[in-house]
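A look at the structure
The primary structure of each chain is shown beneath.
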Amino acid sequence: MAQQLSRPQARRIALAAQGFLDPGHASPTMRTFQRTLERTGVLQVDSVNVLQRAHFMPLYSRMGPYDVDLLRRAAEERPRRVVEYWAHVQAFMPVELWPAMAFRREAFRARRDLWWQEVGNHDLESRLMGEVAARGASTARQLDEGLPRSKDHWGWNWSASRAMLDFLYRRGELAIAGRTSQFEVRYDLPERVVPAEVLARPPLTPAEQHLELVRRAACAHGVATVRCLTDYFRMHVEEVRPAVATMVASGELLPVVVEGWSRPAYLHRDARRPRAVHARAFLSPFDPVVWERERTERLFDFRYRIEIYVPVDQRVHGYYVLPFLLRDEIVARVDLKADRRAGVLLVQGAYAEPGAPGDTAEELSAELVVLAGWLGLDDVVVAPRGDLAPYLRV
């Protein structure tokens, strides 16, 4: 008979797996970064910079205030610890996962839909590859051939060379060597980005690649359904189910029944099972804890939607709203903006969740001050919007 887990037990297991039990450091080091990355397994990249870019926030949520140059060093300096690829979506992932993404690179090579056909200009491809080989790491702007730009695809204003570079990156002919201060991608040859010892590893079969990714997802979740495991690296369920079966057969995954979950669940055998979690953190809209919305609702009884793309008059809570995690529950949500010119962290709305504990406003106020300091902002200004706003003291 499958083991039974209450919702609070499952929630604490999930938070422990994501690194919210790890001890904090006064000054997080590269070792702290490495430990944190091992927990999350992937850091989603997003260009929205209203508060802080998405890939920096999960590290802050788990490590506290840290030098963001740690991530740049890990991604751009030897020994490279992370590399960007289409992992969840565009994301930083541990560089050792490069071989496990071969099936995805092959899938991109095999695509034959209209968009890929349109950028499939072999002359442009060979010229760009030659330019990158000769120049080294380069941005699309530096490599742009001056070809006509188009707004035909989803409103993007990409040149043909920019589209081709993205195509070559997804196929694995190019890799991302880093980004400029303007967040522009710098493309280079994979052999100049991915460490030689990683490229030299024996190739994995597709089944072995799937197993490696599902194993990483299972460790990062602690307890999960097949749907959760499928979403973590944006795989297909037919790729995930055989890997789950293999891990169940070996005892690495243990079937469990979780209170309130309608789907079968699996507990990783090494998952920590804490009796308490003492977290206090803002969760980015792109944090792995809240990626899979159904999972978030089942674990935290918290319905969350990103309203960035919602018209202003239809937004319920605001533009860039972060859930606030206190101990092992999401107790509030806050609409935040960094006004860098004024040196102010703007709290544009603050809302308590039903049943939020009595110290929510006090703890949220304290965390806002810490966040402002990390962002280099001098003050916190709270707008009178939301039921929690009048009780914040910053």
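Keep in mind the model is a prediction, meaning the values are calculated, not measured.

1. Thoughts on the side chain of Arg333
Turning to its location among the elements, Arg333 is positioned in strand β15 (residues 329-339). Looking at Arg333, its side chain comes within polar contact range of the main-chain oxygen of Arg303, at 3.1 Å. Reaching out from Arg333, the side chain makes a polar contact with the side chain of Glu353 at a distance of 2.9 Å. When near neighbours in sequence (up to four residues on either side) are disregarded, Arg333 contacts Phe302, Arg303, Tyr304, His317, Val321, Leu322, Pro323, Gly349, Ala350, Tyr351 and Glu353.

2. What to know about the sheet that holds strand β17 (residues 379-382)
A sheet is described by the order of its strands in space; here 5 strands give the open sequence β13-β14-β15-β16-β17, paired in mixed fashion. Either end of the sheet is taken by a strand with one partner, and the two such strands are β13 (279-282) and β17. The mean angle between the axes of side-by-side strands here comes to 30 degrees, regardless of whether they run parallel or antiparallel. Sheet topology places β13 next to strand β14 (residues 321-327); 4 bridges connect them, and they run antiparallel. Counterpart to Phe282 in the pairing with β14 is Phe324. Along the sheet face, helix α15 (residues 360-374) touches β13, β14, β15, β16 (344-352) and β17 and points at about 60 degrees away from the line of β13.

3. Side note on the pattern of salt bridges
All told, the structure shown has 31 salt bridges when counted by the stated rule. Notably, a salt bridge pairs Asp69 with Arg72, separated by 2.5 Å at the nearest N-O pair. Remark: Arg72 and Asp69 occur in helix α4 (residues 69-76); sequence separation between them is 3 residues, near one turn of the helix. The class for Arg72 is partly exposed, based on a relative accessible area of 32%.

The rules we used
Residues numbered from 1 in each chain as written. Predicted model: local features only at pLDDT ≥ 70, side-chain atom pairs only at ≥ 80, totals over all residues. Heavy atoms only, no water. Helix = DSSP H or I, 4+ residues; strand = E, 2+ residues; numbered from the N terminus. Polar contact = N/O pair within 3.5 Å; in protein donor to acceptor, adjacent residues only side chain to side chain. Contact = heavy atoms within 4.5 Å. Pairing = 2+ DSSP bridges. Axes fitted to C-alpha atoms, helices over the stretch in contact; angles between N-to-C directions. Salt bridge = Lys/Arg side-chain N within 4 Å of Asp/Glu carboxyl O. Buried < 20%, exposed > 50% of the residue type's maximum accessible area, 1.4 Å probe, protein only.

Don't take any of this as a statement about function, it's just geometry.
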